Every structure is written in C-alpha cells, then in structure tokens.
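Each chain, written out:
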Amino acid sequence: MTTNPPGNAALTQQEQLKSWGEVAVDVAQELASPKLYRPGDLAELRRMDPDAYDVPVFWKIMVQHEDRFRGRKVERKWGLILHGIALMTPTSRGDGNTRYAHDPYTSVGRALYLGDADTREKGFYSEIRLNRLLTARGPMFRSLLARTFRMLAASNVSFDWKEMASLIRDEGDFEKSTEIARRRIASEYFQAQYRSQSDTAENE
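Residues numbered from 1 in each chain as written. Predicted model: local features only at pLDDT ≥ 70, side-chain atom pairs only at ≥ 80, totals over all residues. Heavy atoms only, no water.

Another point: the packing of helix α8 (residues 138-154) against helix α9 (residues 161-170). Relative orientation of the contacting elements α8 and α9 amounts to 160°, with a least axis distance of 12 Å. It follows from the interaxial angle that α8 and α9 lie roughly antiparallel. Between α8 and α9 the crossing geometry is left-handed. When α8 is examined against α9, the residues Phe 141, Leu 145 and Phe 149 are found in contact with a partner set consisting of Trp 161, Met 164, Leu 167 and Ile 168. (Axes fitted to C-alpha atoms, helices over the stretch in contact; angles between N-to-C directions. Helix = DSSP H or I, 4+ residues; strand = E, 2+ residues; numbered from the N terminus. Parallel < 35°, antiparallel > 145°, perpendicular 65-115°, else oblique. Left-handed = near helix turned anticlockwise from the far one by under 90°. Contact = heavy atoms within 4.5 Å.)

Right, here's the structure in full:
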C-alpha cells in the first residue's frame with residue numbers, strides 16, 4: 001500500500017490501492033514460495049472450478065489482499081486469475097532455477113506464440129486457437145482461457161500477469177479497454193511470429 005506524498009493529501013483511497021495486476025504479481029510470487037503456501041494449496045487452486053472458488057486457500061488469499069475484491073462478479077474473476085496462476089506455478093519451487101507464473105518481460109501474445117522459453121517452439125499456440133480466444137466472450141472466454149492456462153503450464157510457459165489480470169478484470173465490463181488488450185495480444189503474437197520467421201530465413 002502506497003502512502004500520500006508530501007503536500008498531496010488529496011490522493012483518494014482508490015489511487016493508493018494496488019492495481020489488479022500488481023496484486024496478481026504479488027500472489028504469483030507468494031504461491032511460488034514454499035514457505036508461504038504448501039503444494040496442497042496449489043493443488044486445490046488447480047483443481048478448483050473458477051466459477052465456484054470453494055476452496056479454503058482461495059479465501060485465505062483474498063482476505064490477505066484489498067477488501068475491495070468482494071462481490072460475486074469480482075470473486076469469479078479472481079477465481080480465474082488464481083486458478084491460472086496456480087496452474088502456471090511449477091510444483092517444484094524455490095530451487096533457484098524455477099520459472100514462476102509471472103514473467104514481466106514476456107507479453108501474453110509473445111508467450112502464446114513462442115511457447116517454452118528454451119525450445120522456442122514456433123506457433124506453440126495456433127492462430128486458430130488465438131482467434132477463438134480473442135473473439136470469445138463471457139463463459140466461452142473463461143473456458144478457453146482456463147484451457148490456455150493448462151496448455152501453458154504443461155510446457156512451463158510464463159508471461160506478464162499484470163497484462164492478463166487486467167484483461168480478466170475488464171472482460172465483460174469495460175469493452176473498450178478489453179478490445180485494446182485483445183489487440184495488444186494479437187499484435188505481440190504476430191510480431192513474435194514475424195521475428196521468428198525472419199530469423200529462420202536469415203539462417204537458411
């Protein structure tokens with residue numbers, strides 16, 4: 001929680017609160033720490049139905065963060081966020097070589113195209129899948145995104161959870177910002193594709 005800078009007592013409580021993305025990054029770091037959460041906690045979040053969020057660890061995490069995360073609609077969105085972070089957090093944690101769910105240097109679109117950071121599998125997430133995800137709305141969007149998290153987790157892929165948390169927050173409520181987020185994912189995906197193909201051509 002930030003504090004008011006000198007001479008600016010007019011800052012509102014909302015301005016002092018962390019963004020959804022910042023909280024998501026905090027949670028990703030916490031779930032990656034075996035000192036804070038047990039493997040059993042991760043397993044509960046992974047098995048959890050994001051629409052039901054009926055496991056104790058979900059409420060434990062929610063209580064530890066901002067009180068504004070209340071209400072069924074908001075809780076369902078956090079159910080999906082926590083489910084995704086847990087899926088993308090490796091079970092083996094704290095060995096110094098672990099990839100965490102959050103990677104501030106890899107955009108969502110780039111991660112979807114490149115896949116695993118070591119193998120650089122081209123077209124890891126197909127254009128057809130990308131189009132289905134970016135055109136989906138409501139329950140279908142949530143369903144496809146949950147499948148995407150599982151796919152990324154199986155290949156040890158991480159990305160910028162600030163970006164993803166903001167997309168989940170806005171989807172269904174703020175169409176303009178959601179559309180900007182969708183366009184960014186598509187742009188980053190096809191930029192990664194272009195660079196990969198250019199590098200391949202240069203090496204041939």
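The structure having been displayed, the exposition proceeds.
When the terminal C-alpha atoms of helix α2 (residues 20-31) are compared, their 16 Å separation across 12 residues agrees well with the 16 Å that a helix rising 1.5 Å per residue should span. Within α2, 10 of the 12 residues are buried, which leaves it mostly tucked inside the rest of the structure. Within the sequence span of α2, burial applies to Trp 20, Gly 21, Val 23, Ala 24, Val 25, Asp 26, Val 27, Ala 28, Glu 30 and Leu 31. For α2, the elements touching its buried residues are α3 (39-47), α4 (56-64), α5 (72-87) and α9. (Expected span 1.5 Å × (residues − 1). Buried < 20%, exposed > 50% of the residue type's maximum accessible area, 1.4 Å probe, protein only.)

When pLDDT drops low, the exact placement of atoms in the prediction is not to be read closely. The share of residues in the protein with pLDDT of 70 or more is 81%, and the mean pLDDT across the chain is 85. Low pLDDT, under 50, characterises residues 1-15; the stretch is placed with 13 contacts to residues that sit more than four places away or in other chains. (pLDDT = per-residue confidence, 0-100.)

The next point concerns unusual backbone geometry. Even without a glycine there, the phi angle at Tyr 53 is positive, about 35°. Looking at the secondary structure, you find Tyr 53 in the loop between α3 and α4. Positive phi is not limited to glycine here, since Asn 156 has a value of about 55°.

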